[in-house]
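# Breakdown of the fold
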Amino acid sequence: MNEPTALRSIGAERPRKDSDAKITGAAVYTVDIDLPGMLVAKALRSPHAHARLITIDASKARKVPGVAVVLTRDDLEGLNPTYGYFIKDQPIVALDKVRYVGDIIAAVAAEDEASAVRALECIEVEYAPLPEIATIQEALAPDAPALFEEPPMGIVPSYGAGASAERDPEKNVCFRFHFTTGNASAFDEADHIFEDSFHFSRCQHYHLEPFVTVARFVGGVMELWTSCQNPFPLRKELSRIFNHAEQNVRVHVPFIGAGFGAKNNCKTEPIAVLLAKMTGRPVRFRLTHQENFLTQSQHAAVLTLRTGVKADGTFVARKSTILLNAGAYSDASPLVAEKAGYRINGPYRWRYIDSTCDCVMTNSTPAGPFRGFGGTQTSWASESQLDMIARRLGLDPYEMRMKNLLDLGEPYVPGESGIDSDLRVGLDIVADKIGYHNRKRGPVPGVKPGRARGIGLSIGFKDQGGVNKPASAQVKTTTTGGIIVNCGSAEMGQGIQTALTCIVAEILGTDETRVSYAPINTDITPFDQGTNASSGICFLGLAIDRAARDARRQVIEFAAARLECAPDELVLEDWVIRRGNEAHPLPPMIMSYYGGTGFEFVGHGFFKPETSHDAPLEAPCVAWEIGWGGAEVEIDEETGQVTVLRLVVSGDAGRAINPLICRGQDEGAAVMGLGQSLFEAMRYDGTRLTNIAPIDYRVPLASDLPADFQSVTQEQGHGAGPFGSKGMGEGGILPIASAIANAIEDAVGVRITELPITPERVLAALDAKR
């Protein structure tokens, strides 16, 4: 009813909504916010990885000219001074002890940065060093020191069939997630059982805009501008920390200069807010890029997979143990643990699954959400082992995958939703593009002696959008046909403003140039749980879709009443009501009826997955995000150097709202995956981070891109989002590392099980083989 005859915005490669502002420099980020009388904040960080705080003397710092206030643990009285997702363990500033090099001990607000730095140098701290924990293995040792002598306050979420969790199951393990389905006796029916372990390195988000917050108090309202992906949960957490009524906490989110998961929950916000409260003046707390490395990282991980298969390659059973390096504080580690433990088996059919994921505390940078949200670690291990098993059995890895992949619509596990992509179609696309079936392995004629080539495939897999996530939206139409989209998804480079305005334009039968995207202000923006987990299209997109349709319904019912006809006789197109061959412009109708003042039609939309205890995570997955990858590599057997000659990545957008943006998401994610595969790692000497300067942290350069780099945006049409769409933000990163490792074994017959895949590791494997 009232649908346009053909799509005009969906599927068109239109310019991004934010392109002009960003190209001209007019785009406003939090670092651009400058309020009158604003102070600058800097933090004093611990030089020790683990130590008790005996005394903190800030008396000299307070006398430094230009200093407004110094914040220490003595200023936290009356607050709930710790924060976190499930576990409230990270203090605003250190309380009884520090737990990693870089832990914040004190903060200064001053007239300028130089004065703040001088004041930090005057703070005197007496420490009592404690034994340090550098690795997962050290943390789990019987004689290891405890990072927390008493368990912090926290919760354990409820789960559905087969899933469970517990807090502090053993020393230095803050959270354990467990999932099982099927009967363990399935292992008895396996012809072969293989056990392998894999190591995933700790990586940095490397977002160009640092963590930054501007905060002030005005008339009892705590107001802040911040680079944050989830402003509404942040508002709730700040209300709890400061015992400040939530309706008097106002969060603005300007453009975000990338986040990749790091900019969730509290980071710079509590210190900025407390300094503003103490001084009565606005405060900007902006970290340096070096401090980013001390604030959040991806989880390093050790993954051990015990997998039972039939002689013909049929998958039977898998038992997995995942150890995530959570760092010094829990942050979002429990959330990552439940996703990693749930996804480790990949998009395949199993008779028995038993997976456990532990969050292990160490004296290092806290780890949290990262693009892929546990899927990068699990895809690396699972897809690597599948290739290893195929080669051990003398089977083709492609054929073995095709044999075991879940069918379109088949539930991932009992109680879960069905897979919404044809996995075999996607694998065939990548295999054909990379030339898998016609490949020549090993030494290549005409190429320098001592070099060999191989091709590897992989399928990355994750559930999309989070669990039980609510999203609300509002769409307003003005008298003259302008449209305002009001929702809580932050634009951080992914193109969400463009996608959502296209959806609204399509439903309201107009061009997206007539649609604007309102700034995020938690006082007036409808609630959204956060811009994360590729949820923008399938969750908020559905709320937007419903809000736009609600607005259209109101407009058409209004026009039907004026024209004295049935609503289903009318179509809305370019703010004109069409009834057969008649055209009735809306502005005169609205002005006439509302007495010349005009009017706004306001549509509302809401979406939340239905809860079900039959679903292991308490709500069936709304959409599945798949990344198919293929890589061709060349190995220099004298040096171990790996050159990626060709890289193919493909994702399924369901229906691409803007194909160019979908392509950008897949290719950007794939390049991040290339970096994690070959270069990236936060390198520690014991508990000290040695490559803390961004220039020392190796990320891919343009010269590192393969000579042949292709992406394929599939539109299989089965997505749960508007017009059959689904998210595209993370799938492209998932298959890259395992595809490259699989290609290396295809080329030279050695298996690398630890990232990054450095020449040293390849050469060591080649030497061991020789």
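Look up a bit, the structure's there.
Now for a look at the structure at hand. (Residues numbered from 1 in each chain as written. Predicted model: local features only at pLDDT ≥ 70, side-chain atom pairs only at ≥ 80, totals over all residues. Heavy atoms only, no water.)

Moving on, we get to the nonpolar core. Counting 105 residues, the largest nonpolar core has Phe177, Ile740, Ile744 and Ile757 as its most contacted members. Each residue touching isoleucine 757, except ones within four places of it in the same chain, is listed here: Val642, Ser677, Leu678, Ala737, Ile740, Ala741, Ile744, Ile752 and Val762. In terms of nonpolar packing, the next biggest core, distinct from the first, is built from 46 residues, Val475, Ala499, Ile537 and Cys565 among them. (Core = buried A, V, L, I, M, F, W, Y, C linked by side-chain atoms within 4.5 Å. Buried < 20%, exposed > 50% of the residue type's maximum accessible area, 1.4 Å probe, protein only. Contact = heavy atoms within 4.5 Å.)

Time to look at the sheet that holds strand β16 (residues 249-253). The strands making up a sheet associate through hydrogen bonds between their backbones, and the pairing can be parallel or antiparallel. Taken in spatial order, the eight strands make up an open sheet running β3-β8-β1-β17-β14-β15-β16-β26, and their pairing is mixed. A single partner strand is all that each edge strand has here, and the edge strands are β3 (67-71) and β26 (520-521). Summarising the sheet, strand β14 (residues 212-218) and strand β17 (residues 283-286) pair through four bridges and their orientation is antiparallel. Counted as the bridge partner of threonine 213 is phenylalanine 285 from β17. Packed on one face of the sheet, helix α3 (residues 113-122) meets β1 (39-45), β3, β8 (104-110) and β17 and runs near 30 degrees to β1. Along the sheet, helix α5 (residues 231-242) contacts β15 (221-226), β16 and β26; its crossing angle with β16, the most-contacted strand, is approximately 145 degrees. (Pairing = 2+ DSSP bridges. Helix = DSSP H or I, 4+ residues; strand = E, 2+ residues; numbered from the N terminus. Axes fitted to C-alpha atoms, helices over the stretch in contact; angles between N-to-C directions.)

Residue placement: glycine 346 occurs in the loop between α8 (333-343) and β20 (352-361). The buried category is assigned to glycine 346, whose relative accessible area is 6%.

All right, on to unusual backbone geometry then. A negative phi holds for most residues other than glycine; trans holds for most peptide bonds. With an omega dihedral of -5 degrees, the bond running from leucine 755 to proline 756 counts as a cis peptide bond. On the secondary structure map, proline 756 appears in the loop between α16 (736-748) and α17 (759-769). Look at aspartate 168: it is not a glycine, yet its phi comes out positive at around 45 degrees. Structurally, aspartate 168 can be placed in strand β11 (residues 163-170). According to the relative accessible area criterion, aspartate 168 is partly exposed, its value standing at 31%.

Attention now goes to the pairing of strand β30 (residues 601-607). Here β30 shows a buried face lined by Phe601, Gly603, Gly605 and Phe607 and an unburied face lined by Val602, His604 and Phe606. Sheet topology places strand β23 (residues 471-477) next to β30; seven bridges connect them, and they run antiparallel. Considered in β30, the bridge of glutamine 474 is made with histidine 604.

Under the definition given, this model contains 60 salt bridges. When salt bridges with common partners are traced through the structure, they connect Glu383, Asp387, Arg391, Arg401, Arg439, Glu745, Asp746 and Arg751 into a single cluster. (Salt bridge = Lys/Arg side-chain N within 4 Å of Asp/Glu carboxyl O.)

It is worth spelling out the packing of helix α9 (residues 375-392) against helix α10 (residues 397-404) at this point. Pairs of packed helices are described in terms of their axes, by the angle between the two and the distance that separates them. Closest axis-to-axis distance for the α9/α10 pair is 9 Å, and the angle between their directions is 115 degrees. In terms of orientation, α9 and α10 fall into the roughly perpendicular class. The crossing of α9 and α10 is right-handed. Touching Glu383, Leu386, Asp387, Ile389, Ala390 and Arg391 of α9 are Pro397, Met400 and Arg401, all from α10. Each residue belonging to the contact of α9 with α10 can be placed in one class, and the counts come to five nonpolar, no polar and four charged. (Parallel < 35°, antiparallel > 145°, perpendicular 65-115°, else oblique. Left-handed = near helix turned anticlockwise from the far one by under 90°. Nonpolar A, V, L, I, M, F, W, Y, C, P; charged D, E, K, R; others polar.)

For the rest of this paragraph, the subject is the pairing of β15. The element β15 is largely enclosed, with a buried count of six among its six residues. Covered by surrounding structure in β15 are Val221, Glu223 and Trp225 together with Met222, Leu224 and Thr226, the residues of both alternating faces. Two strands pair when backbone bridges link them, and β14 and β15 are joined in this way by six bridges, in the antiparallel orientation. Across the sheet, residue phenylalanine 217 finds its bridge partner in β15, namely methionine 222. The pairing of β15 with β16 spans four bridges and is classified as parallel. The residue of β16 that forms the bridge with tryptophan 225 is histidine 252. A crossover links β15 with its parallel partner β16, the connecting element being α5, and its sense is right-handed. (Right-handed = clockwise from strand over helix to strand, strands pointing away.)

Under the 1.5 Å per step criterion, the end-to-end length of α9 is 25 Å for 18 residues, consistent within 8% with the ideal 26 Å. Two residues or fewer after α9 comes glycine 394, characterised by a positive phi angle close to 75 degrees. (Expected span 1.5 Å × (residues − 1).)

What follows is about the sheet that holds strand β24 (residues 483-487). Strand order across the open sheet formed by four strands is β25-β24-β23-β30, with mixed pairing between neighbours. Where the open sheet ends on each side, the last strands, each with one partner, are β25 (515-517) and β30. Between one strand and the next, the sheet's axes are offset by a mean angle of 20 degrees, whatever the strand orientation. Across three bridges, the pairing between β24 and β25 is parallel. Looking across to β25, one finds that valine 485 is bridged to tyrosine 517. Contacts from helix α13 (residues 536-563) reach β23, β24 and β30 within the one sheet, and its direction differs from that of β30 by about 145 degrees.

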